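Structural description and commentary
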Amino acid sequence: MKFDEEYTILVTGSAGFIGSALVRKLLSEGQKVVGIDNLNNYYSKSLKEERLKNIFKEKSTGKKFKFYELNIDNIEALRKVSLKYKPEIIVNLAAQAGVRYSLRNPSAYTSSNLVGFSNILEICRELKVKNFIYASSSSVYGLNQNIPFNENLITDHPISYYAATKKANEILAHSYSHLFNIPTTGLRFFTVYGPWGRPDMAPMLFSKSIINKEPITIYNNAEMFRDFTYIDDVVEAISLCCKKPATANSKYDFKEPEISNSFAPYRILNVGFGKPVKLDFFINLLENYLGIEAIKHYEDAKPGEVFLTYCNTGKLSNWVDYKPKIPIEEGVKMFTEWYLEYLSK
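Analysis parameters
Residues numbered from 1 in each chain as written. Predicted model: local features only at pLDDT ≥ 70, side-chain atom pairs only at ≥ 80, totals over all residues. Heavy atoms only, no water. Helix = DSSP H or I, 4+ residues; strand = E, 2+ residues; numbered from the N terminus. Polar contact = N/O pair within 3.5 Å; in protein donor to acceptor, adjacent residues only side chain to side chain. Salt bridge = Lys/Arg side-chain N within 4 Å of Asp/Glu carboxyl O. Buried < 20%, exposed > 50% of the residue type's maximum accessible area, 1.4 Å probe, protein only. Phe/Tyr/Trp six-rings, centres within 6.5 Å; stacked < 30°, edge-to-face > 60°. 1 Å grid on protein atoms, 1.4 Å probe; cavity = no way out; pocket = protein on both sides within 12 Å on 5 of 7 lines; lining within 4 Å. Points joined across faces, edges and corners; volume = space filled by probe spheres on them. Nonpolar A, V, L, I, M, F, W, Y, C, P; charged D, E, K, R; others polar. Expected span 1.5 Å × (residues − 1). Contact = heavy atoms within 4.5 Å. Axes fitted to C-alpha atoms, helices over the stretch in contact; angles between N-to-C directions. Parallel < 35°, antiparallel > 145°, perpendicular 65-115°, else oblique. Left-handed = near helix turned anticlockwise from the far one by under 90°.

This part covers the side chain of S160. In this structure, S160 sits in the loop between β5 (131-137) and α6 (161-180). Within the local environment of S160, its side chain forms a polar contact with the backbone nitrogen of A163, the two atoms lying 3.0 Å apart.

Put into structure tokens, the structure is as follows:
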């Protein structure tokens, strides 16, 4: 599959951080995009609305972008929109996010990440889509000590309900790949950051506190490492995967099975920068670019937290020639420039 012809691509979660950035990327490549988002109040609805406004402002948008506010757990509403536009490609980025919130409100994760995801799979089956890509998460690796994480590690011991739902997505997708020959690609994202990011994640939380001269809470005494991945690199990876549907491995070894591919048209791929960054270093970058010293408050780790995550992206690189381009120093600089401009509006 190449983008030398025009496709209609359905993007769920299109008002979200990654979703809105992906929509802009696809539109710039000349694709028609149908966006779906429920604009829930997990975090500021106004931020999501501003992301959508930015999409409609761009010259590349024209008549190529349609947006619908609906929940993916409502299959009739989802089916109505899908049958109207008949997308050839579906990218599912709609999900209830957040590890800590899953401890307080697990039902939100059941509705969106399990029921909603199952509904999306049904739409893929009904439309016989050419390609289905969905967001998994680095959280599925849990407390695995085999660093860097690779896609063939066992991920059967999630330590949060959020991670469990993402693991379930991968298993459900495989069943549809096998039963209905639907090409499915699950992307395990690693700590995505950048302009228009989620306010419940470290870059926005820390920046807001630093500017307001309020203490920032750092868990596990800052002995935490993350594979920070800039948003532009992430959407490039998704766009590349849109152009290359998963294929079956004709030489699949049933005696020594791999997890990252299958006898069905199925792929699991890490999306990260491939380098661990200590949280203290990340905070120091924010301090430098914001020109303000942080007030740091240290606490013990919370349940469900993972201390060290970074990944091997070799399979993604081999599959679609993925090469992350934005190092942490450059990415944080661009993020803080955007954030200061955003606050000044």
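If you walk through the whole model with that rule in mind, you get 14 salt bridges. Residue E258 pairs with K315 through a salt bridge whose shortest N-O separation is 3.8 Å. Of this pair, E258 sits in the loop between α8 (231-242) and β11 (266-271) while K315 sits in helix α10 (residues 314-320); the two residues are 57 residues apart in sequence, bridging distant segments of the chain. Using a relative accessible area of 32% as the deciding quantity, one classes E258 as partly exposed. You can call K315 partly exposed: its relative accessible area is 29%. In this structure, a network of salt bridges that share partners links the residues K25, E29, E236 and K243.

Cis peptide bonds are those with omega within 30 degrees of zero, and the linkage from I147 to P148 qualifies with -5 degrees. On the secondary structure map, P148 appears in the loop between β5 and α6.

What follows is about the packing of aromatic side chains. Each aromatic ring pair is characterised by the separation of its centres together with the angle its planes make. Enumeration according to the criterion identifies 24 aromatic pairs in this entry. Judged by centre distance (5.5 Å) and plane angle (25 degrees), the ring pair of F132 and Y134 falls under stacked. Taking 6.3 Å as the distance between ring centres and 85 degrees as the angle between the ring planes, the aromatic pair formed by Y193 and F282 counts as edge-to-face. With Y193 in strand β7 (residues 192-193) and F282 in helix α9 (residues 279-290), this pair connects stretches of sequence that are 89 residues apart. The buried category is assigned to Y193, whose relative accessible area is 1%. Residue classification places F282 among the buried residues on the basis of a relative accessible area of 0%.

Okay, the layout of surface pockets next. Counted as a void, the second largest pocket has a volume near 220 Å³. Around the second largest pocket, the lining comprises 14 residues; the ones closest to its centre are A21, K25, I231, D232 and V235. Elements with a contribution of two residues or more to the lining of the second largest pocket: α1 (17-28) and α8. Within the lining of the second largest pocket, the residues separate by chemical class into six nonpolar, one polar and seven charged.

In this section: α6. Between its first and last C-alpha atoms α6 spans 28 Å; for 20 residues at 1.5 Å apiece the expected length is 28 Å, and the two agree. Listing the buried residues of α6 in full gives Y162, A163, T165, K166, K167, N169, E170, A173, Y176 and S177. Along its buried surface, α6 packs onto α4 (101-104), α5 (106-127), β5, β6 (184-189) and β11. Directly beyond the C-terminal end of α6, a positive phi value near 60 degrees is found at N181.

This part takes up empty space enclosed by the protein. Under the counting rule described, the total for this entry stands at one cavity of 30 Å³ or more. As for the largest cavity, its lining consists of F17, V192, Y193, G194, G197, R198, M201, P203, M204 and F335. Elements with a minimum of two residues in the lining of the largest cavity: β7 and α7 (202-211). Residues belonging to the lining of the largest cavity are distributed by class as follows: seven nonpolar, two polar and one charged.

We now examine the environment of F190. For F190, the position within the fold is in the loop between β6 and β7. With 54 residues separating them in the primary sequence, F190 and S136 have C-alpha atoms 9.7 Å apart. The residues contacting F190, other than those within four sequence positions of it, are S138, Y141, F149, D227, F228, T229, N270, V271, G272, T309, Y310 and C311.

Glancing now at the environment of E49. Along the polypeptide, E49 turns up in helix α2 (residues 45-57). Taking relative accessible area as the criterion, E49 reaches 33% and is therefore assigned partly exposed. In this structure, the C-alpha to C-alpha distance between E49 and A264, residues 215 residues apart in sequence, is 39 Å.

Within the sequence span of helix α3 (residues 75-85), burial applies to L78, R79, V81 and S82. Where α3 is buried, its residues meet β1 (8-12), β2 (32-37), β3 (65-69) and α5. Phi for K86, located one or two positions after α3, is positive at around 45 degrees.

A pair of packed helices can be characterised by two numbers: the angle between their axes and the separation between those axes. Contact geometry for α7 and α9: axes closest at 11 Å, N-to-C directions at 50 degrees. Here α7 lies oblique to α9, going by the angle between them. Crossing hand, α7 versus α9: right-handed. Here P203, F206, S207, I210 and I211 of α7 come into contact with α9, specifically with L279, F282, I283, L286, E287 and L290. Grouping the constituent residues of the contact of α7 with α9 by class yields nine nonpolar, one polar and one charged.

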